[in-house]
Amino acid sequence: MLLRAQVPDDGFFTQTGFKGAFSYEGACDAESTFWLAGLSYAAENGMTANTGASSCQELCGDLTVDTYLYAANGPFVLTCQVFVTTSLWIEAGTTIYSLSASEAVAMGNADAAPALIIEPGATITASGTSSDPITFTSNVANPGTAAGLWGGLIIMGDASVYGGTDEVEGITGYYYGGSDDDDNSGTLSYVRVWHGGAVIGADNEINGITFAGVGSGTTVEYCEVAFNLDDGFEWFGGTVNAKYLSVLFAGDDALDTDLGFTGKIQFAYVMVGSAGNHGTEMDSKWDGTPRSYPQLYSATFIGHMNHVVGSVSTDDTAAAILRFREGTAGEFGNIVVYNSGTAGVKNNDCAASSDDGAGAGAISATQDSSAIGADVLFFSSNNVIYGNGDLFDIDSSCEVSGVWTSSVADGATAVTSDPSLVDMPYDADTDTAYFDPRPSSDSSKLYEDVDDVPSDGFFEQTLYKGAFPHKDFYDPDARRRLASTVGSNGYWLADLSYAAEMGMTESLNGLEVDDTYYNGECDADSCIELCGDLELPTYLYKNDGTSYIITCQVFVSEYLYIEAGVTIYALSAAQAVSLGHPD
């Protein structure tokens with residue numbers, strides 16, 4: 001908390017939260033601006049800054065009416081905890097900054113880290129795009145790799161949870177959970193949450209994004225948490241599904257499930273770093289239902305060969321990349337663990353006390369996909385664990401003789417061959433200059449013995465293990481129509497991640513895509529492709545000179561709007577054929 005003298009209360013003086021003439025330099029001037037910038041000789045002659053921080057719209061307290069945040073009206077800044085009780089809509093391209101708890105106090109607000117909380121029954125619609133993501137971050141102008149600078153995003157719903165209801169982690173007095181597993185809390189798409197995770201107290205922190213009793217009617221895709229002091233994503237019960245999740249250098253666990261979570265996750269990328277905790281921490285509760293049953297396929301976890309847990313917010317420092325405990329079941333296939341310096345998988349606390357029969361019941365484990373079941377932990381033997389650490393660390397309470405033990409000779413197995421990633425140092429960390437986690441070619445081990453994913457309408461069958469296809473992959477059918485879908489080479493970090501934005505990995509503008517079929521006005525980066533059936537209302541806007549190119553025959557069965565000034569180019573039949581389209 002900041003200590004400051006009170007100024008005279010006489011109508012002239014303005015109470016500040018700082019000493020001296022100016023506040024710190026932040027992205028938003030929530031309290032004061034650098035007023036020399038528009039006044040001084042020094043500013044005019046380049047002796048000091050000539051612009052102050054931009055003005056931001058403040059968000060604080062209860063939002064009890066439907067609220068719309070438009071990018072043109074922002075940026076926005078959280079100056080205290082914000083509670084949504086109806087609906088919140090956030091336009092693509094919007095940035096929401098946040099003060100720290102001490103800064104909030106300096107403004108006369110409660111001593112609590114600012115955060116955005118969606119209450120049960122309320123909704124958030126945050127639909128960013130690949131070109132205009134929605135970003136939540138600290139108000140600090142240049143935070144670097146700092147964590148814990150503000151709270152995070154908390155979404156509560158009415159889906160099933162162990163115990164029926166529970167108090168949400170990170171704040172007090174707010175409860176979630178119910179019986180509506182189809183509950184809809186809204187949409188998160190192309191949403192980034194950076195530099196959060198403030199510690200509230202012992203074993204009480206704010207995760208990057210918390211899903212508490214959130215139902216399967218909710219849409220979650222293309223979301224990233226970077227530099228969060230606590231967990232990246234945490235699920236407390238609920239049934240919400242998610243695709244394309246990125247977690248960079250969380251202080252605790254990247255993907256954390258507990259209290260009966262039974263949702264599905266596909267395409268996840270995690271970097272643990274030298275001092276993070278686990279890539280996953282999958283928990284349940286032995287003494288009640290629902291039993292946690294996460295299904296995770298197509299994920300890449302990057303560890304650090306000299307990993308030492310440095311988390312200030314964890315209750316478990318057992319070193320491992322993937323952590324299963326407390327009787328969780330689930331399915332884990334097409335997984336890649338790289339730079340495993342401790343243990344690839346740790347599984348413990350599988351048996352409850354002597355009265356286990358009154359709870360969730362016995363739990364077993366298998367590496368045979370035909371033995372999958374509600375009370376079974378399935379970890380495919382086709383998963384890759386590469387590094388110099390142990391493959392498995394399995395507690396006696398979890399062992400299945402000859403199937404699921406730590407013994408290399410008579411226990412669990414995994415693929416240990418080098419998966420040949422493009423560029424990944426053994427000590428990948430927050431200061432790594434550049435990385436590329438894709439397999440270098442389709443000759444990689446990641447293209448062998450790929451697991452079949454559940455046939456349930458959610459999971460997509462891939463030809464590879466891990467989160468990404470190989471570097472030279474090109475799929476003409478994965479076109480970025482209206483800049484709203486994955487890039488055609490499948491490297492979805494390129495238009496989402498902090499790493500891409502900061503030059504630590506390939507960005508959208510630098511993608512190497514086979515563009516030999518372009519030889520005219522368009523190239524692979526400058527035009528948006530149109531091909532196949534347009535079955536939904538489609539709008540082609542002239543966005544800063546954007547053009548479009550027809551790469552095969554396009555059939556409009558609903559509605560097509562083309563803005564004045566738009567140019568649409570087209571390939572020849574021969575060029576279309578070279579992309580794999582009909583002649």
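Starting afresh in each chain, residues are numbered from 1 along the sequence in its written order. Totals for whole chains, interfaces and linings use every residue, but because this is a predicted model, local features are given only for residues with pLDDT of at least 70 and side-chain atom pairs only at 80 or more, for both listing and counting. For the side-chain quantities, the full set of heavy atoms in the structure was used; hydrogens and water were omitted.

### A short note on the overall build of the chain
To keep it simple, the criterion reads: By the criteria applied, helices consist of DSSP H or I runs no shorter than four residues and strands consist of E runs no shorter than two, each listed in order from the N terminus. Throughout this description, buried means an accessible area under 20% of the type-specific maximum (1.4 Å probe, protein chains only), exposed means over 50%, and partly exposed covers the range between. Areas reported here follow the Shrake-Rupley algorithm with a probe of radius 1.4 Å; residue values treat only the protein chains shown as occluding.
Of regular secondary structure, the chain possesses 4 helices and 36 strands. Counting every position in the chain, which comprises 583 residues, the buried fraction comes to 53%. Summed over all atoms, the accessible surface of the chain reaches about 23500 Å², with 47% contributed by carbon and sulfur.

### Let's talk about the nonpolar core
The following threshold applies: Here, the term nonpolar core denotes a set of buried Ala, Val, Leu, Ile, Met, Phe, Trp, Tyr and Cys residues that are joined through side-chain atoms within 4.5 Å. We call two residues in contact when some of their heavy atoms are within 4.5 Å.
In this structure, Ile124, Leu188, Phe211, Phe233, Phe301 and Phe392 are the most contacted members of the largest nonpolar core, which totals 66 residues. Sort the elements by how many residues they give to this core and strand S3 (residues 76-84) lands first, with 4 residues. Ile124 has contacts with Leu88, Ile90, Leu116, Ile118, Leu153, Ile155, Ser185, Gly186, Thr187 and Leu188, leaving out every residue within four places of it along the chain. Counting 32 residues, the second-largest nonpolar core is a separate cluster that includes Phe267, Met424, Tyr491 and Ala494.

### Concerning the pairing of strand S34 (residues 547-556)
Note the cut-off: For two strands to count as paired, DSSP must find a minimum of two bridges between them.
Pairing geometry for strand S32 (residues 527-534) and S34, over 7 bridges, is parallel. Residue pairing across strands places Ile528 opposite Tyr548, the latter belonging to S34. Bridge count for S34 against strand S36 (residues 568-570) is 3 bridges, and the pairing is parallel. Pairing of Ile550 across the sheet is with Ala570, part of S36.

### Observations concerning the state of the cysteines
Inclusion rule: By convention in this document, the label disulfide applies to cysteine sulfur atom pairs within 2.5 Å.
Inspection of the entire model under this criterion finds 3 disulfides. Disulfide pairing is shown between Cys60 and Cys80; the S-S distance is 2.0 Å. Its S-S torsion of approximately 110 degrees makes the covalent link between Cys60 and Cys80 right-handed. Of this pair, Cys60 sits in strand S1 (residues 57-63) while Cys80 is found in strand S3, placing the two residues 20 residues apart along the sequence. Its relative accessible area of 10% is what places Cys80 among the buried residues. Paired through a disulfide, Cys531 and Cys552 show a sulfur-sulfur distance of 1.9 Å. Here the S-S torsion is close to 110 degrees, and the disulfide linking Cys531 with Cys552 is therefore right-handed. With a gap of 21 residues between them, Cys531 in strand S32 and Cys552 in strand S34 connect regions that are remote in the sequence. For the pair shown, Cys531 and Cys552 are each scored as buried.

### Focus: empty space enclosed by the protein
For clarity, the threshold we go by: Only protein atoms enter the 1 Å grid used here, on which a cavity is any set of points holding a 1.4 Å probe that cannot leave and a pocket is any open set flanked by protein within 12 Å on both sides along at least five of seven lines; residues with an atom within 4 Å of a point are listed as lining. Grid points are joined across faces, edges and corners, and a volume is the space filled by probe spheres set on the points.
Applying the stated criterion across every chain yields a total of 2 cavities of 30 Å³ or more. Within this model, the second largest cavity holds a volume of roughly 40 Å³. If you trace the second largest cavity, you find it lined by Thr328, Asn347, Cys350, Ile363, Ser364, Ala365, Leu377, Cys398 and Trp404.

### Brief notes about a nonpolar patch on the surface
Threshold: Distance thresholds for patches are 9 Å for like charges and 5 Å for nonpolar side chains (Val, Leu, Ile, Met, Phe, Trp, Tyr), applied to residues having over 30% relative accessible area and no salt bridge. Salt bridges, as used here, are contacts in which a Lys or Arg side-chain nitrogen is within 4 Å of a carboxyl oxygen on Asp or Glu.
Together, Tyr539, Tyr541, Tyr559 and Tyr561 make up an exposed nonpolar region whose accessible area comes to about 380 Å². Residue position: Tyr539 is located in strand S33 (residues 538-540).

### Notes on the pattern of salt bridges
Taken as a whole and assessed by the stated rule, the structure comprises 12 salt bridges. With a closest N to O distance of 2.9 Å, Arg291 and Asp375 form a salt bridge. Of this pair, Arg291 sits in the loop between strand S21 (280-282) and strand S22 (295-302) while Asp375 sits in the loop between strand S26 (364-366) and strand S27 (376-379), and the two are 84 residues apart along the sequence. Look at Arg291 and you get buried, because its relative accessible area is 9%. Taking relative accessible area as the criterion, Asp375 reaches 37% and is therefore assigned partly exposed. Among the salt bridges present, the one from Glu448 reaches Lys445, with a minimum N-O distance of 3.5 Å. Overall, Glu448 belongs to the partly exposed group, its relative accessible area being 37%. Several salt bridges share partner residues, and in doing so they unite Asp258, Lys285 and Glu326 into one network.

### A word on the sheet that holds S36
Selection rule: Interaxial angle, 0 to 180 degrees, is taken between N-to-C directions of lines fitted to C-alpha atoms, where a helix line uses only the stretch in contact.
In space, the 3 strands of this open sheet follow the order S32-S34-S36, with parallel pairing throughout. Strand pairing shows two members of the sheet lacking a second neighbour, S32 and S36, which therefore form its edges. Strand after strand, the sheet turns through a mean of 40 degrees between neighbouring axes, direction not considered.

### Looking at unusual backbone geometry
Most peptide bonds take the trans configuration, and most residues that are not glycine carry a negative phi. Across the junction of Gly74 and Pro75, the peptide omega takes the value 5 degrees, indicating a cis bond. Relative to the elements of secondary structure, Pro75 occurs in the loop between strand S2 (67-69) and S3. Even without being glycine, Asn339 reaches a positive phi, approximately 65 degrees. Relative to the helices and strands, Asn339 resides in the loop between strand S24 (330-338) and strand S25 (343-348). According to the relative accessible area criterion, Asn339 is buried, its value standing at 4%.

### Section: the side chain of Asp451
Rules: We call two N or O atoms a polar contact when they sit within 3.5 Å, provided that within protein one can donate a hydrogen and the other can accept it, with sequence-adjacent residues counted only if both atoms are side-chain atoms.
Note that Asp451 resides in the loop between strand S31 (436-439) and helix H3 (498-501). In terms of polar contacts, Asp451 uses its side chain to reach the side chain of Ser380, at 2.9 Å. Setting aside chain neighbours within four positions, we find Asp451 in contact with Gly333, Asn334, Ser380, Asn382, Asn383 and Gln461.

### Some words on the confidence of the model for the chain
So the rule is basically this: Per residue, pLDDT captures the predictor's confidence, and it can take any value from 0 to 100.
Looking at the chain, the pLDDT average stands at 86 and 86% of residues meet or exceed 70. This model gives residues 476-488 a pLDDT under 50, and the stretch forms 48 contacts once residues within four places in sequence are excluded. In the model, residues 511-519 has pLDDT below 50 throughout and makes 22 contacts with residues more than four positions away in sequence or in other chains.

### Focus on the environment of Cys527
Considering the arrangement of structural elements, one finds Cys527 in strand S32. For the pair Cys527 and Tyr569, spaced 42 residues apart in sequence, the C-alpha separation works out to 8.7 Å.

### As for the environment of Thr79
Residue position: Thr79 is located in strand S3. Of the residues examined, Thr79 reaches a relative accessible area of 2% and is grouped as buried. Filtering out sequence-adjacent residues up to four positions away, Thr79 remains in contact with Glu58, Leu59, Cys60, Leu99, Ala104, Met107, Asn109 and Pro114.

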